[in-house]
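Structural description and commentary
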Amino acid sequence: MDFLPVIRRRLTRAGFVIDHIQYFSNALRSRITRREKLGQFVIRRDPRDPSKVWVLDPDSGSGYVEAPYRSVLDLSGSWRVRPVRAWRCRTEPIASIPFSCIGFQS
């Protein structure tokens with residue numbers, strides 16, 4: 001777990017959004033009401049398996065909470081989305097390219 005890449009995100013009502021994929025766990029429900037006070041969470045994700053992330057519990061500071069995909073519609077995974085997005089950026093006219101190809105989060 002210590003060698004996985006670290007991502008920092010704020011908690012929203014829907015959970016965490018990373019690369020246009022929503023992650024949520026019922027263990028995070030108690031923290032949603034006080035999310036403004038908590039700041040950013042430390043999240044670790046295995047790049048080979050985007051189906052779940054591990055969120056560092058801010059209360060204990062040492063335990064991780066597993067958060068899977070929020071919905072079945074997110075099963076495409078970021079590893080499948082990135083090549084398609086890169087291909088669209090190369091082949092479509094500049095006026096129709098979405099901001100996500102340029103590096104902006106939509």
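Turning our attention to the sheet that holds strand 1 (residues 6–10). Read across the sheet, 4 strands follow the order 1-4-5-6 without closing on themselves; strand pairing throughout is antiparallel. Two strands lie at the open edges of the sheet, namely strand 1 and strand 6 (64–68), each paired on one side alone. Recorded for the sheet is a direction-independent mean angle of 35° between the axes of neighbouring strands.

This part covers the pattern of salt bridges. Scanning the entire structure with this criterion turns up 4 salt bridges. The partner of R35 in a salt bridge is E36, and the shortest N-O contact between them spans 3.7 Å. Relative accessible area serves as the criterion here: at 58%, E36 is assigned to the exposed category. With a closest N to O distance of 3.1 Å, R48 and D46 form a salt bridge. We classify D46 as buried; its relative accessible area is 13%.

Its place among the elements puts R44 in strand 4 (residues 40–45). Of the side chains with opposite charge, D2 comes closest to the buried, unpaired R44, at an N-O distance of 4.9 Å. One polar contact links R44 to Y64, side chain to side chain, over a distance of 3.0 Å. Not counting chain neighbours up to four residues away, the residues in contact with R44 comprise M1, D2, L4, P5, V6, V53, W54 and Y64.

This part covers the confidence of the model for the protein chain. Do not read the predicted coordinates in detail wherever pLDDT is low. Taken as a whole, the protein chain shows an average pLDDT of 76; of its residues, 65% reach a score of 70 or greater. Of all the helices and strands in the protein chain, helix 4 (residues 99–102) carries the lowest mean pLDDT, 53, while strand 1 carries the highest, 93.

Conventions adopted
Counting from 1, residues in each chain are numbered in the order their sequence is written. Confidence filtering applies because this is a predicted model: local features only for residues at pLDDT of at least 70, side-chain atom pairs given and counted only at 80 or more, and all residues used for totals across whole chains, interfaces and linings. Hydrogens and water molecules were not included; the side-chain quantities draw on all heavy atoms of the structure. Here, strands pair whenever DSSP counts at least two bridges between them. We count a stretch as a helix when DSSP gives it H or I for four or more residues in a row; a strand needs E for two or more, and each element gets its number in order from the N terminus. Each axis is a line fitted through C-alpha atoms, taken for helices only over the stretch in contact, and angles between the N-to-C directions span 0 to 180 degrees. Salt bridges are counted wherever a side-chain nitrogen of Lys or Arg sits within 4 Å of a carboxyl oxygen of Asp or Glu. Buried, partly exposed and exposed residues are distinguished by accessible area as a fraction of the type maximum, computed with a 1.4 Å probe on protein chains only: under 20%, between the cut-offs, and over 50%, respectively. Note on charges: Lys and Arg go in the positive column, Asp and Glu in the negative column, and His and the chain ends are not counted at all. Nitrogen and oxygen atoms within 3.5 Å of one another constitute a polar contact, given that in protein one can donate a hydrogen and the other can accept it, and given that sequence-neighbouring residues count only through two side-chain atoms. Residues are treated as being in contact if the distance between any of their heavy atoms lies within 4.5 Å. The predictor's confidence in any single residue is recorded as pLDDT, a number from 0 to 100.

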